[in-house]
Amino acid sequence: MNQINQLPVVLGERDILKSITLMPGIKTSGEGNTGFYVRGGGADQNLILLDEATVYNATHLLGFFSTFNSDAIKDVSIYKGGMPAEYGGRLSSVLDVKMNEGNNKKTTVQGGIGLIASRIKVEGPLVKDKGSFMLSARRTYMDLFMKASSDTTINKSTLYFYDINAKVNYRFNDKNAIYLSGYFGKDVLGLQDIFGTNWGNATGTLRFNHIFNNKLFSNTSVVYSKFNYVIEGLDRNDGFKATSKITDLNFKQDFQYYASSDHALKFGLQVTDMILLRVILRQQPVPVSMTNMSNIALVTKWQPTPVTTGR
């Protein structure tokens, strides 16, 4: 994130997805678009995670901006090949994004005003040195300028997005800690009383860390992710409304065991329940569900001890 924060910004918005396209082997999917290709793969072959939750559509304003508010992001990792088994596998790449955990020392407020959007972040301690919170929000105000136009086609149209990031954590003692994070974002686009569409993501992650001893510790996570897309024609005589929705709920149990200073074993279990739903106005909902998809991962990491020679 330190390197990304040093890059020049476009329209006052620092964009993580555009920034990673400057890395070798990664190419943008088009000018002004946040999609990316990794070593010849497709844009839909990338797994994008936010605090372990899958983000199905990582764009705002039809691809001009990403869903990630850089003020709320702590770390970004990308795997362009040889993805660890814990991610379940993707054909192209894995982008793992972690949110800030907040400041457990003092309360701070920061923000920014851009040409098309403004943002604010508040963070501080729940209990000093034991727990903290972080809340970040961003919204465009292009729709306010559109309403000031004298052209009825423009002032009766709608175009904006917003997103909210939140995270809290609390450390009970030296061996137990809990984390709760969430993301909520939505785009709205409408053309007078003729056409309208909106889409958005919502994610939530509850994670519990436990240290058994100096060699073994575990992460237990319950992860929720939802993507909703709606398109509708508003004409009175020929109106329609179509909805597409993806909802999944994950349970993950990970363990790490350090056999020695140069040998670590990581293993775990992941179970996913996913529901796909398509709805068309004046027709019955047609759900397509895939349940009890499971993934078992076993990863062993070994790092040889450096050999030093004396003279």
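This one's a predicted model, so the numbers in the text were calculated from it and none came from an experiment.

1. Details of the overall build of the protein
So, point 1. Within the protein, the secondary structure is distributed over 4 helices and 18 strands.
So, point 2. Split into buried and exposed, the 311 residues of the protein put 41% on the buried side.

2. As for unusual backbone geometry
With the exception of glycine, most residues fall at negative phi, and the peptide bonds are largely trans.
So, point 1. At Arg39, a position not held by glycine, the phi torsion is positive, near 50°.
So, point 2. For Arg39, a relative accessible area of 61% puts it in the exposed group.
So, point 3. Residues other than glycine seldom take positive phi values, yet Asp129 does so here, at roughly 70°.
So, point 4. When you line up the elements, Asp129 lands in the loop between β10 (117-127) and β11 (131-140).

3. A look at the nonpolar core
So, point 1. Counting 20 residues, the largest nonpolar core has Phe36, Leu50, Phe68, Ile73 and Leu95 as its most contacted members.
So, point 2. Mapped by element, the contributors of at least two residues to this core are α2 (16-20), β2 (36-38), β3 (46-50), β7 (73-79) and β8 (93-99).
So, point 3. Here Leu95 is in contact with Leu17, Ile20, Phe36, Leu47, Ile48, Leu49, Val76, Ser77 and Ile78, once residues within four sequence places are set aside.

4. Structural notes on the confidence of the model for the protein
So, point 1. Per-residue confidence for the protein averages 81 on the pLDDT scale, and 82% of its residues sit at or above 70.
So, point 2. Confidence, read as mean pLDDT per element, is least for strand β18 (residues 286-302) in the protein (54) and greatest for β11 (94).

5. Focus on the pattern of salt bridges
So, point 1. According to the stated counting rule, one finds 11 salt bridges in the structure shown.
So, point 2. Between Lys252 and Glu52 there is a salt bridge, with the nearest N and O atoms lying 3.1 Å from each other. Taken as a pair, Lys252 in strand β16 (residues 240-260) and Glu52 in the loop between β3 and β4 (53-54) lie far apart in primary sequence, 200 residues in all. You'll find Lys252 and Glu52 in the same group, each marked buried.
So, point 3. Between Lys266 and Glu86 there is a salt bridge, with its nearest N and O atoms 2.9 Å apart. With Lys266 in strand β17 (residues 263-280) and Glu86 in the loop between β7 and β8, this residue pair connects regions lying 180 residues apart in the sequence.
So, point 4. For Lys266, a relative accessible area of 16% translates into the label buried.
So, point 5. Taking relative accessible area as the criterion, Glu86 reaches 22% and is therefore assigned partly exposed.
So, point 6. Through salt bridges with shared partners, one network takes in Glu52, Arg207 and Lys252.

6. Topic: the environment of Gly233
So, point 1. In this fold, Gly233 is placed in strand β15 (residues 216-233).
So, point 2. Note: C-alpha distance between Gly233 and Thr197 (36 residues apart in sequence) is 8.8 Å.

7. Digging into the sheet that holds β3
So, point 1. Across the sheet, 4 strands lie side by side as β4-β3-β8-β7; this open sheet has mixed pairing. In the strand order of this sheet, the two ends are held by β4 and β7, each with one partner.
So, point 2. Relative to β8, β7 runs antiparallel, the two being bridged by 6 bridges. In the sheet register, Ser77 faces β8, and the bridge partner there is Asp96.

8. Description of the side chain of Asn46
So, point 1. Structurally, the position occupied by Asn46 is in strand β3.
So, point 2. A polar atom in the side chain of Asn46 sits 2.7 Å from the side chain of Ser93.
So, point 3. Other than its neighbours up to four places away in sequence, Asn46 contacts Phe36, Val38, Arg90, Ser92 and Ser93.

9. Considering the pairing of strand β13 (residues 176-191)
So, point 1. The pairing of strand β12 (residues 158-171) with β13 spans 14 bridges and is antiparallel. By the bridge assignment for β13, Ala166 is matched with Gly182.
So, point 2. Between β12 and β13, which follow one another and run antiparallel, lie 4 residues.

10. What about the pairing of β15?
So, point 1. Relative to β15, strand β14 (residues 195-211) runs antiparallel, the two sharing 17 bridges. Within β15, the residue paired with Ile211 across the bridge is Phe217.
So, point 2. Connecting β14 to the next strand, β15, in antiparallel fashion are 4 residues.
So, point 3. By the bridge criterion, 18 bridges tie β15 to β16 in an arrangement that is antiparallel. Residue pairing across strands places Glu232 opposite Lys241, the latter belonging to β16.

Analysis parameters
- Residues numbered from 1 in each chain as written.
- Predicted model: local features only at pLDDT ≥ 70, side-chain atom pairs only at ≥ 80, totals over all residues.
- Heavy atoms only, no water.
- Helix = DSSP H or I, 4+ residues; strand = E, 2+ residues; numbered from the N terminus.
- Buried < 20%, exposed > 50% of the residue type's maximum accessible area, 1.4 Å probe, protein only.
- Core = buried A, V, L, I, M, F, W, Y, C linked by side-chain atoms within 4.5 Å.
- Contact = heavy atoms within 4.5 Å.
- pLDDT = per-residue confidence, 0-100.
- Salt bridge = Lys/Arg side-chain N within 4 Å of Asp/Glu carboxyl O.
- Pairing = 2+ DSSP bridges.
- Polar contact = N/O pair within 3.5 Å; in protein donor to acceptor, adjacent residues only side chain to side chain.

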